[in-house]
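Report on the structure
Here are the chains, one letter per residue:
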Amino acid sequence: MDNTSGTPSSSTLPVSVVGLGLMGRSLARAFLRAGHPVTVWNRTSSKAAQLVADGARLAPSAGDALRSGSLTVLCLTDYAAVLDVLDGDDVGLDGTTVVNLTSGSSSDGREAARRVERRGARYLDGAIMAVPSAIGTADAVVLHSGPRSVFEKHEPTLAALGTVTHLGEDPGLAALYDVAGLTMMWSVLDAWLHGTALLRTAGVDAATFAPFAQQIAAEVAGWLPGYAEQVDRGSFPAEVSTLETDVRAMSHLIAESEAAGVNDELPRLIKAIADRSVAAGHGTEQYPVLIEEFSKPSGAGQAESSGR
Ligand SMILES: NC(=O)c1ccc[n+]([C@@H]2O[C@H](COP(=O)([O-])OP(=O)(O)OC[C@H]3O[C@@H](n4cnc5c(N)ncnc54)[C@H](OP(=O)(O)O)[C@@H]3O)[C@@H](O)[C@H]2O)c1
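In this report, we go over the structure that sits alongside the text.

1. Overview of the site of the ligand
Around the ligand, the structure places 22 residues, and the nearest of them are Met23, Asn42, Thr44, Lys47 and Ser103. Arg43 places a polar side-chain atom, nitrogen or oxygen, 2.9 Å from an oxygen atom of the ligand. About the coverage of the ligand: the protein hides 75% of its 900 Å² of free accessible area. Its atoms largely coinciding with the cavity grid, the ligand occupies the second largest pocket. Counting only elements with at least two residues in the shell around the ligand, the list comes to helix H1 (22-33) and helix H4 (79-86). Among the residues forming the shell around the ligand, the class breakdown is 11 nonpolar, eight polar and three charged.

Next comes the structure, spelled out in structure tokens:
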């Protein structure tokens, strides 16, 4: 970066990291590697030893760490720990910037933003979609939400952590994207494991099924943009197949699972949701109409279909 103007380049801006667990230590190391002066603080100070040997400064208190950086990254167990630290005696937040990469819920993120901003600080909430060893590489995706101007100001510094993105002004968005990613991940894995269990009853091992499963997952992923348009329009014309046709195939899946003696909870759940949508009159529409079932509390959907 051109630094002839006397303005500090992003890599000379001081950064503080509060919370030196497995993840916090990786974050601090990535900032050190990128050339930032790094101040660290941890409740158990011994965890800072290697970072100090590598050039970090150990702050005597969390308040000192928050005063030392152009921004302070928090990475603690949970939001209760975040509030413990921020409510500490010597912690003044006026004029500071806090980037909170602790995992939590969207309401945790929004509440932390309100509390921190009320005390005169700028706040970004974040979520780390990576393991500690990936931090500092492009594979580490770090999500941020909160004021765009704050993100843009600090993006060159935050980029030391990996691939950083800003999702929107609502500070709850990082946590929501985080859990939306998790529901995708576990649903795909559970579906693959169920399919694997079925095929193993016929002597097909997991490694043989995996490439076929991968192909199916990639094909289904390709449908998402078109299906998303239907969801956003709220209109679900059956261009490929109707929900009723899908429900018949779901019955085959349950029957096959029962006959094979494998767990049938997943196909039964899939069919129960689709059955409610058919009962509500959507049988001739296309699969994404199920967004209506997924958009209401579970109890509400079940009560309606059972006439309660
Ligand atoms: N590790 C991962 O693979 C990963 C991946 C994505 C996201 N994350 C998220 O990153 C955050 C940190 O994870 P981690 O793996 O680093 O956890 P960790 O190794 O258990 O570290 C937790 C940190 O929180 C501190 N802490 C807890 N309660 C505190 C309190 N009341 N006051 C002050 N400090 C407190 C601990 O301090 P002490 O050292 O004194 O106990 C420690 O520095 C979590 O929200 C986690 O979900 C982790």
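From this point, things continue past the structure.
2. Description of the environment of Glu292
Mapped onto the elements, Glu292 comes out in helix H11 (residues 291-294). Taking the C-alpha atoms as reference points, Glu292 and Gly234, 58 residues apart in sequence, are found 9.2 Å from one another. Those residues in contact with Glu292 that sit more than four places away from it in its chain are Phe236 and His282.

3. Description of the nonpolar core
In this structure, Leu27 and Val40 are the most contacted members of the largest nonpolar core, which totals 31 residues. When residues of this core are traced back to their parent elements, those giving at least two are strand S1 (15-18), H1, strand S2 (38-41), strand S4 (71-74), strand S6 (122-129) and helix H6 (148-158). Not counting chain neighbours up to four residues away, the residues in contact with Val40 comprise Val17, Leu20, Ala28, Ala48, Leu51, Ala56, Arg57, Leu58 and Ala59. Core analysis: the second largest hydrophobic core is formed by 21 residues, Trp41, Tyr79, Val82 and Val98 among them.

About the thresholds
- Residues numbered from 1 in each chain as written.
- Predicted model: local features only at pLDDT ≥ 70, side-chain atom pairs only at ≥ 80, totals over all residues.
- Heavy atoms only, no water.
- Near = heavy atom within 4 Å.
- Polar contact = N/O pair within 3.5 Å; in protein donor to acceptor, adjacent residues only side chain to side chain.
- Areas by Shrake-Rupley, 256 points an atom, 1.4 Å probe, with all protein chains shown as cover.
- 1 Å grid on protein atoms, 1.4 Å probe; cavity = no way out; pocket = protein on both sides within 12 Å on 5 of 7 lines; lining within 4 Å.
- Sits in = over half its atoms within 2 Å of the grid points.
- Helix = DSSP H or I, 4+ residues; strand = E, 2+ residues; numbered from the N terminus.
- Nonpolar A, V, L, I, M, F, W, Y, C, P; charged D, E, K, R; others polar.
- Contact = heavy atoms within 4.5 Å.
- Core = buried A, V, L, I, M, F, W, Y, C linked by side-chain atoms within 4.5 Å.
- Buried < 20%, exposed > 50% of the residue type's maximum accessible area, 1.4 Å probe, protein only.

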